Amino acid sequence: MSISQAAESLRARRVSSVELTTAALARISRHNAALKAFITVTSEQALEQARQADSELARGQDRGPLHGIPVAVKDLFFTAGVRTTAGSKVYENFVPRVNAAVVDKLLSAGAVMLGKLNMHEMAYGITSANPHFGAVANPWNAAHSPGGSSGGSGTAVAVDMVYAAMGSDTGGSIRIPASFCGVVGLKPTYGRVSRYGALPLGYSLDHMGPIARTVRDAALVLNAIAGHDRRDATCSRRPLVVPGDFLAGAGVSIRGLRIGLPKNFFFERLDPDVESSVGGAIACAERLGATVKPVTVPDIAALNAVARVILLAEASAVAEPFLVDGRDRRDQFGPDVLALFNQGRLIPATDYVNAQRLRRKMRQEFNRLWADVDCLVTPTTPNTAPRIGDTTVRLAGRDEDVRLATTRLVRGVNALGLPAISIPCGLSGGLSGGRSASLSEPGLPIGLQIIGPAFEEALILRIAAALEDGGVGIPPCSLGL
Amino acid sequence: MKDWRAIAQANGLDLSAPELDRLAPPLDALEEAFRPLVRDLTPAMEPSLTFSVDEDAVSVEEDACNGEEDAQ
């Protein structure tokens, strides 16, 4: 059931928020031991919020589409009185006194908060194999990673533990788990959603956004969380393009839109199933009246290098208090995260500043594309979900580091600050026809990424919704049924 | 290639030999991709992040979070 359907049922008194919440808590109880999606479940608080939501609706007080809807947030969003760990031992006992901006906004919209979702430690990785709170499992195949760093968010949404979840995306951390878990993940434009009260990883790269089961559900969450917040110095004062509704009405035609299909970089070294499924989605866009235009994009490999220099430096700056405080403190981090922090400590200040200079130059180059096309479509990841513990992935006959391969098509978008959405577009060895050349195990989701100009969330949501309506997608995960 | 061990020592970083062995290959690869890009920069190209004197943001700590002391 989508958020819209649940909202309609709530208003028709066919179901109560307490019933929705009780059912969600039951699913968490049934699956969380195996999937490790939640770090903290706030059952009593959620049921109290659900009772209040029902009471308000009965009095005619309607806070909108999220009123009474069970949601959860990645465990790096501050929640007043509720532990916020960032998936790390160093924040094991950290209890904030205030809510993150997005938490306050979700609560104001009437959402019911079920708890805090597991993640890659410190949001610094793509596997969500958390050494302190357990490895999050992929709901389509528990031997596989759900992606990360918002892995708990992807898994929880895919198996109906919640209707939507908040994630954060510094180098793909919303879009990767959305792709691997077969759900929708939206990274809004940098500055569109407040970062206030989210434990940072890379100040200039961190984006907050929703993971949901449908494009319209993601839009409904974005409606609730977008907008200026003076507490975040980088939060945009630009008015919302479509005030209060990023996906207004049912009219989601893409006839006449110019969809950019990158000729370089984005379609190199792909799993054949990924290539096939993304090709199917592009064919659907053409059937719906869009014009597909091949385009040459700027040097994305260079952009990725720039983004990595910035992230290494910013993340190590954030973690510095823990790194200079003796071996005991440092060793509380998992080895993969500590290795990245150590790498960042060796990046000179001049490289960081020059990376930020290159970033501005590359953004100007990239923005010229929008004169010719309205959006770009690419695979979200070149591969499907790797097995938990895999350190390499084999693509086009070459073994690649699993983190670098998985972030290859998404990381640069963070440096550009552009909005991007991942929607499911196929299953390995499944909807795409089970090609014999497949490198993936069968039945793993494949994601399509749509990238738009800055602050054009409404546009990419419209394109994604049109594709979803046009049949691009996958069946629900059987664990969630 | 850079001598990461010497750089770590010069910066006073307490990194063990195994730690240095682990971080050198990815840093070498990144160096190879990044260094040539810097050559194209002209002085007028300013960084993407600039200080804004009229910003009015408050930090989350200023805004009431004193829970930091609970972090271990």
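The rules we used
Residues numbered from 1 in each chain as written. Chains lettered and ligands numbered in written order. Predicted model: local features only at pLDDT ≥ 70, side-chain atom pairs only at ≥ 80, totals over all residues. Helix = DSSP H or I, 4+ residues; strand = E, 2+ residues; numbered from the N terminus. Buried ≥ 20, exposed ≤ 12 C-beta atoms within 10 Å, placed from the backbone. Contact = placed C-beta atoms within 7 Å. Pairing = 2+ DSSP bridges. Domains from an automatic or database assignment. Nonpolar A, V, L, I, M, F, W, Y, C, P; charged D, E, K, R; others polar. Core = buried A, V, L, I, M, F, W, Y, C linked by C-beta atoms within 7 Å. Expected span 1.5 Å × (residues − 1). Arc of directions from axis to C-beta. pLDDT = per-residue confidence, 0-100.

### Points about the overall build of chain B
1) Next: Scanning chain B for helices and strands turns up 2 helices and 0 strands.
2) Next: Expressed as a percentage of its 72 residues, the buried residues of chain B come to 12%.

### Some remarks on the overall build of chain A
1) Next: On a plain count of helices and strands, chain A comes out with 15 helices and 15 strands.
2) Next: Judged by the C-alpha coordinates and their principal axes, chain A covers about 60 × 55 × 45 Å.
3) Next: The buried share of chain A, taken over its 481 residues, is 62%.
4) Next: Counting contacts in chain A only where the partners sit at least 6 residues apart, residues at least 24 apart contribute 78% of the total.

### Some remarks on the pairing of strand β14 (residues 420-427) of chain A
Residues and elements named next belong to chain A.
1) Next: The element β14 is extensively covered by neighbouring structure, given that 8 of its 8 residues are classed as buried.
2) Next: In terms of strand pairing, strand β7 (residues 184-187) meets β14 through 3 bridges, oriented antiparallel. Paired with Gly185 across the two strands is Ser422, which belongs to β14.
3) Next: As defined by bridge partners, β14 adjoins strand β15 (residues 445-451) across 7 bridges and the pair is classed as antiparallel. For Leu427, the partnering residue across the bridge sits in β15 and is Pro445.

### Some details on the domain arrangement of chain A
Residue and element names in this part refer to chain A.
1) Next: Segmenting chain A into domains produces domain 1 (3-225) and domain 2 (259-296 + 368-480).
2) Next: When each unit is reduced to the centre of its C-alpha atoms, the spacing between domain 1 and domain 2 is 23 Å.
3) Next: Contacts between the two partners involve 44 residues from domain 1, matched on the other side by 40 residues from domain 2.
4) Next: For the side of domain 1 that touches domain 2, the secondary structure elements donating two or more residues are α6 (175-181), β7 and α7 (215-225).

### Focus: the interface of chain A and chain B
1) Next: Each side of the interface is counted separately: chain A has 37 residues, and chain B has 34 residues.
2) Next: Of all the secondary structure elements, the ones that give two or more residues to the side of chain A that touches chain B are α9 (300-323), α11 (335-344) and α12 (349-367) of chain A.
3) Next: Here the side of chain A that touches chain B takes 9 residues from α12(A), the largest share from any one element.
4) Next: Of the residues contributing to the side of chain A that touches chain B, the split by class is 18 nonpolar, 7 polar and 12 charged.

### Brief notes about the pairing of β7(A)
Residues and elements named next belong to chain A.
1) Next: Going residue by residue along β7, you find Val184 and Leu186 tucked away on one face and Gly185 and Lys187 tucked away on the opposite face as well.
2) Next: Pairing between β7 and strand β8 (residues 207-212): 2 bridges, direction antiparallel. Within the sheet, the bridge partner assigned to Gly185 lies in β8 and is Ile211.

### Some points on the nonpolar core
All names here are of chain A.
1) Next: Of all hydrophobic cores here, the largest spans 163 residues; its most connected members are Val71, Leu114, Val162, Ala165 and Val306.
2) Next: Ranked by the residues each element gives to this core, the list is headed by α9, at 14 residues.
3) Next: Taken domain by domain, the makeup of this core includes at least three residues from each of domain 1 (3-225) and domain 2 (259-296 + 368-480).
4) Next: The contact partners of Val162, leaving out residues within four places of it in the chain, are Ala24, Pro70, Val71, Ala72, Leu114, Ala156 and Val157.

### Considerations on helix α3 (residues 43-58) of chain A
Residues and elements named next belong to chain A.
1) Next: Between its terminal C-alpha atoms α3 stretches 22 Å, which fits the 22 Å expected from 16 residues at 1.5 Å a residue.
2) Next: Along α3, the residues that are buried comprise Ala46, Gln49, Ala50, Ala53 and Asp54. All buried residues of α3 project into a common sector of 140° when viewed along the axis, lining one side. Residues of α3 that are exposed and point over 90 degrees away from its buried face: Glu44, Ser55 and Ala58.
3) Next: Along its buried surface, α3 packs onto α2 (17-35), β2 (70-74) and β3 (112-117).
4) Next: Phi turns positive one or two residues past the end of α3, at Gly60, with a value near 90°.

### A few points about the confidence of the model for chain B
Residue and element names in this part refer to chain B.
1) Next: On average, residues of chain B carry a pLDDT of 82, and 79% of them reach 70 or more.
2) Next: In the predicted structure, residues 65-72 sits below a pLDDT of 50 and forms 20 contacts with residues beyond four places in sequence or in another chain.
3) Next: This complex was scored by the predictor with a pTM of 0.95 and an ipTM of 0.88.

### Observations concerning α12(A)
1) Next: Over its 19 residues, α12(A) extends 27 Å from the first C-alpha to the last, a length consistent with the 27 Å expected when each residue adds 1.5 Å.
2) Next: Those residues of α12(A) lying buried are A:Asp351, A:Asn354, A:Ala355, A:Gln356, A:Arg357, A:Leu358, A:Arg359, A:Met362 and A:Phe366.
3) Next: As for α12(A), its buried residues are in contact with α9 and α14 (411-416) of chain A together with α2 (17-38) of chain B.

### With respect to the environment of A:Pro177
Residue and element names in this part refer to chain A.
1) Next: Tracing the chain through its elements places Pro177 in helix α6.
2) Next: On a C-alpha basis, the gap between Pro177 and Arg30 in space is 21 Å, while along the polypeptide they are 147 residues apart.
3) Next: Those residues in contact with Pro177, other than ones at most four positions away along the chain, are Pro146, Gly147, Gly148, Ser150, Gly151, Ser153, Gly154, Gly185 and Ile211.

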